[in-house]
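The primary structure of each chain is shown beneath.
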Amino acid sequence: MLLSKMAAEGGGKEMNEIKTQFTTREGLYKLLSHSEYSRPNRVPFNSQGSNPVRVSFVNVNDQSGNGDRLCFNVGRELYFYIYKGVRKAADLSKPIDKRIYKGTQPTCHDFNHLTATAESVSLLVGFSAGQVQLIDPIKKETSKLFNEERLIDKSRVTCVKWVPGSESLFLVAHSSGNMYLYNVEHNCGTTAPHYQLLKQGESFAVHTCKSKSTRNPLLKWTVGEGALNEFAFSPDGKFLACVSQDGFLRVFNFDSVELHGTMKSYFGGLLCACWSPDGKYIVTGGEDDLVTVWSFVDCRVIARGHGHKSWVSVVAFDPYTTSVEESDPMEFSGSDEDFQDLLHFGRDRANSTQSRLSKRNSTDSRPVSVTYRFGSVGQDTQLCLWDLTEDILFPHQPLSRARTHTNVMNATSPPAGSGGANPGSNGNSITTPGNSVPPPLPRSNSLPHSAVSNSGSKSSVMDGAIASGVSKFATLSLHDRKERHHEKDHKRNHSMGHISSKSSDKLNLVTKTKTDPAKTLGTPLCPRMEEVPLLEPLICKKIAHERLTVLIFLEDCIVTACQEGFICTWARPGKVGLLPSQNQANSPSGTVV
């Protein structure tokens, strides 16, 4: 079994051993061998040439107190199990559903948490040939296949996610660099879609589908150059972070289709991104072996972390270990029921945590201190945990060298897409995705904030503004639009060339300037290594033989997976061997981030 094997090289020396436990300030995390999920035969999968193993969780609110369900792909196979976590041993002989695909492989998947019940779940599955399938693994039904004839995009699906707060809208990214918005209730059409330009900006363009009747895709985004490797919605669903093979993080206002800010990797492509629970920070990882922390409010890099020896494949925040300390002092941690509810991912989580987390920015005194915990896994088979602490987030006098550099850079040339923070306001006037009643964005390129200030009616905003035809946006940009001819979407960045020639030349010129490392290094887009603080990992442990592809933080455990097809559960301190009755009140509902 994977868990008991030792690395062959090095004769089992300490550094080459597969770790089964590690200790942090919270206590001991322990690998639960009985909670390992894999293919039923437990044979390591030959991963050569296969797509990364991915894991998705959903909670179906089962009255038995064991409502967690697990989906994972291995090669051509897709499995759906009851996830028993730290409570009971995994029973691999009884998958609820198992599918084997011919001619294509599943690459990614996502559950709709809004509609999930014990009788039915909606699972989207993206494939290596470009299709997206909607299935119900409980009913064992396949309801729809999108892009079936590959007329929309012929390239591999890299990321698929339901739009937060919507029962019908979902977003799909491809290795072509294109991203498409679909509605499950609409068909894709029997001919290739024709598009018309809705909006374009620096290194991105958004098109609507031109047809007499509403059809998929509703929108087509072309972002950057090369593959669009991953995207992530902010906790409130209003902003979208995209990372691409061109090394850029681009953050968009999803409703108004505006670019909020950008960042460039130190070198190479960016592979993954995630948001902090309060929406104030984004962490990315990629081919520069670094994790990079980017401030949403200031639109700048505030720290980098170096601990991996190869590409970073997944980054994720741990909402249960992120701590807020009052001046009393009173610390909230993952063991406190109130704080578990407060820092829960999702649109409906309580706003009081955001107010706690924003107190530090809204006052000159120091009533609240915050420590963010995030993790990363990579192709070096290592798991790293990181703490983002006060001294990095809010450097104090005397100003450090790094602080001076970042202040000067931020003041002299604000990043693209932002108007810069209001001097003296400490950035508080700028909306963060965690705030419940955001003020309008003080940016020259922002639309009226009506589309931004709806916090409780995401579905109506998205369905109204986009699904019923993007008439509002189409009217605004009517004079900019040019009718476009049919194009082959599988060519990398091909659609950029079909925008009117003037814009196209300008856009390509800008793109080339941005991607030239010599032009970006040492600017706010990509500070030099000595210009920002360098984080060291709390722990950095080799936990697998093959590259790691999954990292998910649940309430009582951490879930990791490697390319051999083993999904491992690490019990949090004090959570080993809990009885179901102790845990059913706050059963984890994991999300792929």
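The model shown is predicted, which means the values in this text are computed figures rather than measured ones.

Conventions adopted
- Residues numbered from 1 in each chain as written.
- Predicted model: local features only at pLDDT ≥ 70, side-chain atom pairs only at ≥ 80, totals over all residues.
- Heavy atoms only, no water.
- Helix = DSSP H or I, 4+ residues; strand = E, 2+ residues; numbered from the N terminus.
- Contact = heavy atoms within 4.5 Å.
- Areas by Shrake-Rupley, 256 points an atom, 1.4 Å probe, with all protein chains shown as cover.
- UniProt positions renumbered as here; feature names shortened; annotations may be inferred.
- Disulfide = S-S within 2.5 Å.
- Pairing = 2+ DSSP bridges.
- Axes fitted to C-alpha atoms, helices over the stretch in contact; angles between N-to-C directions.
- Phe/Tyr/Trp six-rings, centres within 6.5 Å; stacked < 30°, edge-to-face > 60°.
- Buried < 20%, exposed > 50% of the residue type's maximum accessible area, 1.4 Å probe, protein only.
- Lys NZ or Arg CZ within 6 Å of the ring centre and 35° of its normal.
- Salt bridge = Lys/Arg side-chain N within 4 Å of Asp/Glu carboxyl O.
- Polar contact = N/O pair within 3.5 Å; in protein donor to acceptor, adjacent residues only side chain to side chain.

K.L.:
I would appreciate a short explanation of the overall build of the protein in the present structure.
P.N.:
When its secondary structure is counted, the protein shows 9 helices and 33 strands. Partitioning the intrachain contacts of the protein with sequence separation of at least 6 by distance along the chain shows that 61% fall at a separation of at least 24. Accessible surface computed for the protein: about 23000 Å², of which carbon and sulfur atoms make up 50%.

K.L.:
What should I look at first to understand the side chain of glutamine 131 in this one?
P.N.:
Along the chain, the position of glutamine 131 falls in the loop between strand E8 (123–127) and strand E9 (132–136). If we skip the residues at most four places from it in the chain, glutamine 131 touches Thr104, Val125, Gly126, Leu145, Phe146, Asn147, Glu148, Arg150 and Val157.

K.L.:
It is not clear to me how the UniProt feature "repeat: WD" (unreviewed entry) in the protein should be interpreted in this structure. Could you clarify?
P.N.:
Taken from the UniProt record, the annotation "repeat: WD" (unreviewed entry) applies to residues 263–295. Counting secondary structure, residues 263–295 comes out at 0% helix and 61% strand; the distance between its end C-alpha atoms is 10 Å.

K.L.:
I'm lost on the state of the cysteines in this one. Help?
P.N.:
In total, this model carries 0 disulfides according to the counting rule given. With no disulfide of its own, cysteine 209 has cysteine 188 as its nearest cysteine by sulfur position, at a separation of 9.3 Å. Of the cysteine sulfurs around cysteine 272, a residue in no disulfide, the closest is that of cysteine 274, at 7.6 Å.

K.L.:
What am I meant to see in the sheet that holds strand E10 (residues 141–146) here?
P.N.:
Hydrogen bonding along the main chain pairs the strands of a sheet, whether they run parallel or antiparallel. Spatial ordering of the open sheet is given by E7-E8-E9-E10, a layout of 4 strands whose pairing is antiparallel. Edge strands, defined here as strands with exactly one partner in the open sheet, are strand E7 (106–111) and E10. Adjacent strand axes in the sheet meet at a mean angle of 20° when their direction is disregarded. In this structure, E8 lies alongside E9, joined through 4 bridges in antiparallel fashion. Its bridge partner lying in E9, valine 125 is registered against glutamine 133.

K.L.:
Explain the packing of aromatic side chains to me, please; I cannot follow it from the model alone.
P.N.:
The geometry of an aromatic ring pair comes down to the distance between the two centres and the angle between the two planes. This model, assessed by the stated rule, comprises 26 aromatic pairs. Relative to phenylalanine 170, the ring of phenylalanine 146 lies with its centre 5.1 Å away and its plane at 65°, an arrangement referred to as edge-to-face. A residue pair is termed long-range when its members are at least 10 positions apart, and phenylalanine 146 in strand E10 and phenylalanine 170 in strand E12 (residues 169–174) qualify at 24 residues. Residue phenylalanine 146 is classed as buried on the basis of its relative accessible area of 1%. What links up through ring pairs into an aromatic cluster is the set Tyr37, Phe57, Phe72, Tyr79, Tyr81 and Tyr83. One cation-aromatic arrangement involves lysine 161 over phenylalanine 231; the distance from NZ or CZ to the ring centre is 5.4 Å.

K.L.:
Quick question: what am I supposed to make of the pattern of salt bridges here?
P.N.:
Any two side chains of opposite charge can pair, given that their charged atoms come close. Following the criterion strictly, the structure yields 13 salt bridges and no others. Salt-bridge contacts for glutamate 26 lead to arginine 373; the nearest nitrogen and oxygen are separated by 2.7 Å. Taken together, the residues span a long stretch of sequence, with glutamate 26 in the loop between strand E1 (21–24) and strand E2 (27–31) and arginine 373 in strand E27 (residues 368–378) at a distance of 347 residues. Its salt-bridge partner being aspartate 298, residue arginine 300 comes within 3.8 Å of it at the nearest N-O pair. Here arginine 300 falls in the buried class, since its relative accessible area comes to 9%. Classification of aspartate 298 by relative accessible area gives partly exposed; the value is 23%. The structure contains a network of salt bridges with shared partners spanning Arg25, Glu26, Arg373 and Asp387.

K.L.:
Please clarify how the pairing of E8 should be interpreted in this entry.
P.N.:
Residues in a regular strand point their side chains to alternate faces of the sheet. Across the 5 residues that make up E8, a large majority, 5, are buried. Side chains Leu123, Val125 and Phe127 of E8 all project onto a buried face; the interleaved residues Leu124 and Gly126 project onto the opposite face, where all are buried too. In this structure, E7 lies alongside E8, joined through 5 bridges in antiparallel fashion. The partner of histidine 109 across the bridge, within E8, is valine 125. The hairpin turn running from E8 into E9, its antiparallel successor, is 4 residues long, and glycine 130 in that turn takes a positive phi close to 110°.

K.L.:
Is there a simple way to explain the environment of serine 265 in this structure?
P.N.:
With respect to the secondary-structure elements, serine 265 resides in the loop between strand E20 (258–264) and strand E21 (270–275). Put simply, serine 265 and cysteine 526 are 261 residues apart on the chain and 6.5 Å apart in space, counted from C-alpha to C-alpha. With near-sequence residues (within four places) excluded, serine 265 lies in contact with Gly247, Leu270, Asp288 and Cys526. A polar atom in the side chain of serine 265 sits 3.4 Å from the backbone oxygen of phenylalanine 267. One polar contact links the side chain of serine 265 to the main-chain carbonyl oxygen of glycine 268, over a distance of 2.6 Å.

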